[in-house]
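# An overview of the molecular structure
Chain residues, written in single-letter form:
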Amino acid sequence: MNTPTPKQIALESITTTDRLRPVDQTALAALAADIKERGLRSPIEVAKKPSGEGYVLVSGAHRLAAVTSLGWKAVPAFLVKGNKLELRRDEILENLARAELTKLERAQFLAELKRVYLELYPETAQGKAGAVGRWDATDKMSVAFVNAVADRAHVDERTIYRAVWLGEMLQPAAAEALRGTPWEDNQAALIKIASQEPKVQPKVAEVLTRTDDPPPSVPEAVGIATGTPLPRQAPKADQDFSRLIDAWDRAAAKTRRQFIDWLAENGGLG
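Presented here is a report on the structure given in the accompanying data block.

Parameters and conventions
Residues numbered from 1 in each chain as written. Predicted model: local features only at pLDDT ≥ 70, side-chain atom pairs only at ≥ 80, totals over all residues. Heavy atoms only, no water. Helix = DSSP H or I, 4+ residues; strand = E, 2+ residues; numbered from the N terminus. Buried < 20%, exposed > 50% of the residue type's maximum accessible area, 1.4 Å probe, protein only. Salt bridge = Lys/Arg side-chain N within 4 Å of Asp/Glu carboxyl O. Expected span 1.5 Å × (residues − 1). Contact = heavy atoms within 4.5 Å. Pairing = 2+ DSSP bridges. Axes fitted to C-alpha atoms, helices over the stretch in contact; angles between N-to-C directions.

## Things to note about the environment of glutamate 197
Considering the arrangement of structural elements, one finds glutamate 197 in the loop between α8 (187–194) and α9 (201–208). For glutamate 197, a relative accessible area of 54% translates into the label exposed.

## Quick look at the pattern of salt bridges
Within this structure, the stated rule accounts for 10 salt bridges. Of the charged contacts in the structure, one is a salt bridge between arginine 41 and aspartate 34, with a shortest N-O distance of 3.2 Å. Among the residues examined, arginine 41 registers a relative accessible area of 54% and is labelled exposed. A salt bridge links glutamate 112 to arginine 115; the shortest N-O distance between them is 2.6 Å. Placement of the pair is glutamate 112 and arginine 115 together in helix α4 (residues 103–120), with a separation of three residues, close to one helical turn. Exposure remark for glutamate 112: the relative accessible area of 13% places this residue in the buried category. One connected set of salt bridges, linked through shared partners, spans Arg88, Glu91, Glu112, Arg115 and Glu119.

## With respect to helix α1 (residues 25–38)
Over its 14 residues, α1 runs 20 Å from end to end, which matches the ideal 20 Å to within 8%, given 1.5 Å per residue. Its buried side turned inward, α1 meets α2 (61–69). With its phi angle positive at about 85 degrees, glycine 39 sits one or two positions after the end of α1.

## Quick look at the sheet that holds strand β1 (residues 7–10)
Pairing is mixed across the open sheet formed by five strands, whose spatial order is β1-β5-β3-β4-β2. Each of the sheet's edge strands pairs with one partner strand only, and the pair in question is β1 and β2 (14–15). Two strands pair when backbone bridges link them, and strand β3 (residues 44–48) and strand β4 (residues 55–59) are joined in this way by four bridges, in the antiparallel orientation. Its bridge partner being in β4, glutamate 45 is matched across the sheet by serine 59. Against the sheet, α2 engages β2, β3, β4 and β5 (74–80), with an angle of about 120 degrees to β4. Most of the contacts of helix α3 (residues 84–96) go to β4, to which it runs at about 40 degrees, and overall it touches β3, β4 and β5.

Below you can see the structure in the form of structure tokens.
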């Protein structure tokens, strides 16, 4: 089997529009430093534009941005072929193989990949937006989808469907507000946000990420966003005291005497 040979492609001829994953500036700086020291060890992938003039990036946005920041004029790239949907599929599958994806990014990639598969294989598609686990072994598209994802991302079927649901249900405005924050990699919190009404989700995300006294949990953020704040819990010491008084009120006279004797013996009354 012949190994494809990368070509040197001029940076100015490569278009990088409509990317699912924005370039992370911290990761970019680290990658640029590594490439400067050791070179680019993994070529990017590009496809010819339908017009035949120039190229569109398929995979390697961070690598492309890194060599651009280093002042390179050209970059080694594999030339791949396919229609728009096939190239989108390849872009997503390449990214899913990367361990540094956050839970939010993985969910968005998988939701978009499902959409692409539904368009590529409409005659076999049975899955619907927002459906979790609705596909089965008799659904050819479902099997192809799960196998492709599991092969690249090394995750099980249940994890795939949960992430697809999250990517489909989480509103874009909410996702954008959460991007770049610790909440982006907190799947339990993301699921709670995605379970809210669509119009509420961006408000919850805004409350969670505000700089002035942000709430520590999604339920509290939901309460603030919807105007139904959760009741404030008393400090732990006050809660313990309340439980102690409640236990005293419910105790029999003999039990109370035993407790008073115990306090006296242990210096609690002097």
